[in-house]
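What the coordinates show
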Amino acid sequence: MIADSIHQIEQKLQGRARLIAVTKTKPVPMLQEAYDAGCRLFGENKVQEMADKQPQLPADVQWHLIGHLQTNKVKYIAPFVALIHSVDSLKLLQEINKQAAKHNRVIDCLLQIYIADEETKFGLSPDEADTLLTSPELDPLTNVRIVGLMGLATNTGDTEQVRREFRGLKHLYDRLASIDRPLIQFSELSMGMSGDYRIAVEEGSTLVRVGSAIFGSRN
Ligand SMILES: *Cc1c(COP(=O)(O)O)cnc(C)c1O
């Protein structure tokens, strides 16, 4: 079941974007099943859950933190996290840099951009992202790299609206990618979930975050 779903999604992606299996709330044996089917990228939205699961899976799993991150919790994932998708402030970026330095690592990050027509979603506005990426306060941060953007489209059946939101994020990505600083090295655009990843890939996504289409619905 899990393997079949993964292979079907991989077929639809046609190598245009990489698949992150979103494993939040799912037990370790299900993660192992996804691993055995070839998945190496796993997404979790809670620090504690990710830190608990990480030692129970093979070491070549890349762990992606896709949920809101509090500064006081960065230390629990700094030793191993592959990519943090949810950076939404300078303060958080500074803390990630500090914790990464303790482990002699450079941690890759995405800025989360608010693109949805909903009030509950986290993220920076395009202007705030611009301000952050051009801030002189980024100069001392040598243990983080900002490798792109992440966004969540509105949860709606209006596929044209979803497409417009993804297209807007891609335009922002293209504009911000040209900022010339050592720690800005754009290569990843994280957009698309179970319900909208096909549209996201058509609009330029490089990383899709898919949970329920692989593992079934969450309670
Ligand atoms: C849960 C979650 C997903 C996956 O959602 P599905 O609809 O189950 O594919 C993707 N991105 C984020 C940020 C999530 O929290």
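All of the points below concern the structure found in this document.

Rules used in this analysis
Residues numbered from 1 in each chain as written. Predicted model: local features only at pLDDT ≥ 70, side-chain atom pairs only at ≥ 80, totals over all residues. Heavy atoms only, no water. Helix = DSSP H or I, 4+ residues; strand = E, 2+ residues; numbered from the N terminus. Expected span 1.5 Å × (residues − 1). Buried < 20%, exposed > 50% of the residue type's maximum accessible area, 1.4 Å probe, protein only. Contact = heavy atoms within 4.5 Å. Polar contact = N/O pair within 3.5 Å; in protein donor to acceptor, adjacent residues only side chain to side chain. Arc of directions from axis to C-beta. Near = heavy atom within 4 Å. Areas by Shrake-Rupley, 256 points an atom, 1.4 Å probe, with all protein chains shown as cover. Nonpolar A, V, L, I, M, F, W, Y, C, P; charged D, E, K, R; others polar. Salt bridge = Lys/Arg side-chain N within 4 Å of Asp/Glu carboxyl O. Phe/Tyr/Trp six-rings, centres within 6.5 Å; stacked < 30°, edge-to-face > 60°. Lys NZ or Arg CZ within 6 Å of the ring centre and 35° of its normal. Pairing = 2+ DSSP bridges. Right-handed = clockwise from strand over helix to strand, strands pointing away.

The next thing to look at is helix H5 (residues 90-102). Along its 13 residues, H5 runs 19 Å from first to last C-alpha, staying within 8% of the 18 Å computed at 1.5 Å per residue. Three or more residues of H5 are buried, namely Leu90, Leu92, Leu93, Glu95, Ile96, Asn97, Gln99 and Ala100. The elements touched by buried residues of H5 are helix H4 (74-77), strand E4 (83-87), strand E5 (107-113), helix H6 (126-133) and strand E6 (144-151). Just downstream of H5, Asn104 is the residue with a positive phi angle, here 50 degrees.

Moving on: the side chain of Asn143. Looking at the secondary structure, you find Asn143 in the loop between H6 and E6. A distance of 3.3 Å separates polar atoms of two side chains, one belonging to Asn143 and the other to Thr142.

Among all positions of helix H2 (residues 28-36), only Val28, Leu31, Ala34 and Tyr35 are buried. Looking straight down H2, one finds its buried side chains confined to an arc of 115 degrees; they lie on one side. Among the exposed residues of H2, those oriented more than 90 degrees off its buried face are Pro29 and Asp36. Elements that come into contact with the buried residues of H2 comprise helix H1 (2-13), strand E2 (41-44), helix H3 (47-53), strand E3 (62-65) and helix H9 (212-215). One or two residues past the end of H2 sits Gly38, with phi positive at roughly 115 degrees.

A few words now on the site of the ligand. Lining the immediate surroundings of the ligand are Val22, Lys24, Ile66, Met193, Ser194, Arg209, Val210, Gly211, Ser212 and Arg218. Between Ser194 and the ligand, the recorded distance is 2.5 Å, taken from a side-chain N or O atom to an oxygen atom. Between the ligand and Gly211 there is a distance of 2.8 Å, counted from an oxygen atom to a backbone nitrogen or oxygen. The fraction of the free accessible surface of the ligand (390 Å²) that becomes covered by protein chains is 88%. Looking at the shell around the ligand residue by residue, the classes come out as 4 nonpolar, 3 polar and 3 charged.

Our next topic: the pattern of salt bridges. Scanning the model with the defined rule gives 13 salt bridges in all. Where Glu203 meets Arg167, a salt bridge forms, and the shortest distance between an N and an O atom there is 2.9 Å. Of this pair, Glu203 sits in the loop between helix H8 (197-202) and strand E8 (207-210) while Arg167 sits in helix H7 (residues 159-176); the two residues are 36 residues apart in sequence, bridging distant segments of the chain. Look at the salt bridges and you will find they share partners, linking Glu160, Arg163, Arg167, Glu202 and Glu203 into a network.

Let us now look at the packing of aromatic side chains. Following the criterion strictly, the structure yields 2 aromatic pairs and no others. Ring geometry for Tyr173 versus Phe186: centroids 5.1 Å apart, planes at 35 degrees, classification tilted. In this pair, Tyr173 sits in helix H7 while Phe186 sits in strand E7 (residues 184-190), placing the two residues 13 residues apart along the sequence. The ring of Tyr35 has Arg40 sitting right over it, with the charged end atom 3.5 Å from the ring centre.

The backbone of Gln14 sits at a positive phi, close to 50 degrees, despite the residue not being glycine. Positionally, Gln14 belongs in the loop between H1 and strand E1 (18-22). Assessed through its relative accessible area of 59%, Gln14 is described here as exposed. The phi angle at Asn104 is positive, at roughly 50 degrees, despite the residue not being glycine. Positionally, Asn104 belongs in the loop between H5 and E5. A residue is classified by how much of its surface remains accessible, and Asn104, at 74% relative accessible area, is exposed.

Turning our attention to the pairing of E1. Of all 5 residues that make up E1, 4 are buried, and the element is covered over most of its length. Pairing between E1 and E8: 4 bridges, direction parallel. Directly across from Leu19, in E8, lies its bridge partner Val208. As defined by bridge partners, E1 adjoins E2 across 2 bridges and the pair is classed as parallel. Paired with Ala21 across the bridge in E2 is Phe42. After leaving E1, the chain enters H2 and then returns to the sheet as E2, a path that is right-handed.

Interpretation note: all reported values are geometric properties and have no functional meaning in isolation.
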